[in-house]
Amino acid sequence: MNSRSRRGGSAVLGVAAIGAVAAGGVAASQGHVDPSLPISIGDSADTSSVHTSTGLQQVAHAGASLHTQMIAQAGQQEAQAKARAEAARRAAAERAAAAKAKAEAKAKAEAAAKAKAEARRKFLAGWVLPVHNFWISAGFGESSAHWATTHTGLDFAAPTGTAVKSIGSGRIVEAGWANAYGYRIVVKHNDGTTSWYCHLSAITKASGTVVPGEQIGRVGATGNVTGPHLHLEIHPGGGAAVDPKVWLADHGLRT
Ligand SMILES: [Zn+2]
């Protein structure tokens with residue numbers, strides 16, 4: 001065997017390998033170079049001539065079959081390219097839809113957060129402290145010889161005559177003498193909470209609706225007290241008294 005036929009055989013094997021892979025991998029793994037090796041592509045009637053011909057003839061013969069193969073491959077590649085383009089188009093559409101959904105969700109969340117903040121702002125704007133320029137002289141739950149039980153309110157110490165204002169909108173449901181509480185006003189707010197304003201020296205509004213900050217009385221020392229102050233009680237839902245300091249803080253008001 002000369003070097004020419006070896007080269008030819010080598011080239012044919014390369015082509016044969018392509019054909020063999022396409023045809024099911026018949027000769028691809030044989031691993032040795034033999035120019036007389038029958039190749040499996042083309043018409044079987046021509047195989048004998050392949051046996052006896054030189055490498056160049058084998059290349060020419062294989063080339064004809066390769067042409068058919070290439071056309072088939074080109075078709076295949078075109079179909080694959082189309083499929084890839086379609087997949088890419090679909091992926092892009094999905095990405096665009098996802099981005100749109102994300103942007104919509106973000107806008108929705110922002111609108112909800114804005115509405116919530118606005119509602120919170122309005123809610124906080126609806127509540128005010130009952131007295132300006134005060135100091136806290138007694139907290140909720142404290143004990144003293146002055147009280148039959150532990151302290152059920154928060155004491156805002158201020159000079160007699162200082163304006164006492166409704167902490168929120170609502171309606172005055174009670175105004176008058178209340179024994180140890182002295183002169184007292186009870187306001188029922190729109191959320192059902194009642195607020196008590198006690199030890200008043202004067203009741204300046206005894207009935208009707210009130211708005212946040214509207215004056216209803218004046219600080220005094222009526223009832224069971226040692227000095228002038230406003231005793232404020234908070235009864236959520238009209239029930240048991242809670243710590244006004246905490247309740248006011250929850251409504252954005254520091255004492
Ligand atoms: Zn008190």
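Residues numbered from 1 in each chain as written. Predicted model: local features only at pLDDT ≥ 70, side-chain atom pairs only at ≥ 80, totals over all residues.

Our focus in this paragraph is unusual backbone geometry. Look at Asn133: it is not a glycine, yet its phi comes out positive at around 50 degrees. Secondary-structure assignment places Asn133 in the loop between helix H3 (55-125) and strand E1 (135-138). Positioned with a positive phi, Asn179 is a non-glycine residue whose angle comes to about 55 degrees. Summarising the element assignment, Asn179 is placed in the loop between strand E4 (170-177) and strand E5 (183-189). Exposure remark for Asn179: the 8 C-beta atoms within 10 Å place this residue in the exposed category. (Helix = DSSP H or I, 4+ residues; strand = E, 2+ residues; numbered from the N terminus. Buried ≥ 20, exposed ≤ 12 C-beta atoms within 10 Å, placed from the backbone.)

In this section: the sheet that holds E4. Strands belonging to one sheet form pairs held by backbone hydrogen bonds; the direction of such a pair is parallel or antiparallel. On the basis of which strands lie adjacent, the open sheet formed by seven strands has the order E1-E2-E10-E6-E5-E4-E8 and antiparallel pairing. In the strand order of this sheet, the two ends are held by E1 and strand E8 (208-210), each with one partner. Taken pair by pair, the neighbouring strands of this sheet meet at an average axis angle of 30 degrees, ignoring direction. The sheet contact formed by strand E6 (residues 194-200) and strand E10 (residues 229-235) spans five bridges and is antiparallel. Paired with Cys198 across the strands is His231, a residue of E10. (Pairing = 2+ DSSP bridges. Axes fitted to C-alpha atoms, helices over the stretch in contact; angles between N-to-C directions.)

Further remarks concern the environment of Glu233. When you line up the elements, Glu233 lands in strand E10. C-beta crowding within 10 Å serves as the criterion here: with 20 such atoms nearby, Glu233 is assigned to the buried category. A C-alpha to C-alpha distance of 4.5 Å links Glu233 and Gly153, two positions 80 residues apart in sequence. Once residues within four sequence positions are removed from consideration, Glu233 is found in contact with Thr152, Gly153, Ser195, Trp196, Ala241 and Pro244. (Contact = placed C-beta atoms within 7 Å.)

Judged by pairing direction, the sheet is antiparallel, and its three strands sit side by side in the order E3-E9-E7 without closing on themselves. Either end of the sheet is taken by a strand with one partner, and the two such strands are strand E3 (163-165) and strand E7 (202-203). In the sheet, E3 pairs with strand E9 (residues 215-218) via three bridges, with the strands oriented antiparallel. Of the residues in E9, the one forming a bridge with Val164 is Gly217.

This paragraph deals with the confidence of the model for the protein. Chain-level statistics for the protein give a pLDDT mean of 83 and a share of 74% at 70 or above. Throughout residues 1-31 the model reports pLDDT below 50, and contacts reaching past four residues in sequence, or to other chains, amount to 56 contacts. The low-confidence segment residues 40-52 (pLDDT under 50) makes 21 contacts with residues lying over four places distant or belonging to another chain. (pLDDT = per-residue confidence, 0-100.)

The next point concerns the nonpolar core. With 23 residues, the main nonpolar core has Val164, Ile185, Tyr197, Leu200 and Leu230 as its most contacted residues. Elements with a contribution of two residues or more to this core: strand E2 (154-157), E4, E5, E6 and E10. Not counting chain neighbours up to four residues away, the residues in contact with Ile185 comprise Ile172, Glu174, Ala175, Tyr197, Leu200, Ile203, Ile216 and Gly217. (Core = buried A, V, L, I, M, F, W, Y, C linked by C-beta atoms within 7 Å.)

This paragraph deals with the pairing of E4. Note that E4 and E5 share seven bridges and pair antiparallel. By the bridge assignment, Glu174 is partnered in E5 with Val186. Hairpin connection, E4 to E5: the antiparallel pair is bridged by five residues, and Asn179 has positive phi, about 55 degrees. Examined bridge by bridge, E4 and E8 share three bridges and lie antiparallel to one another.

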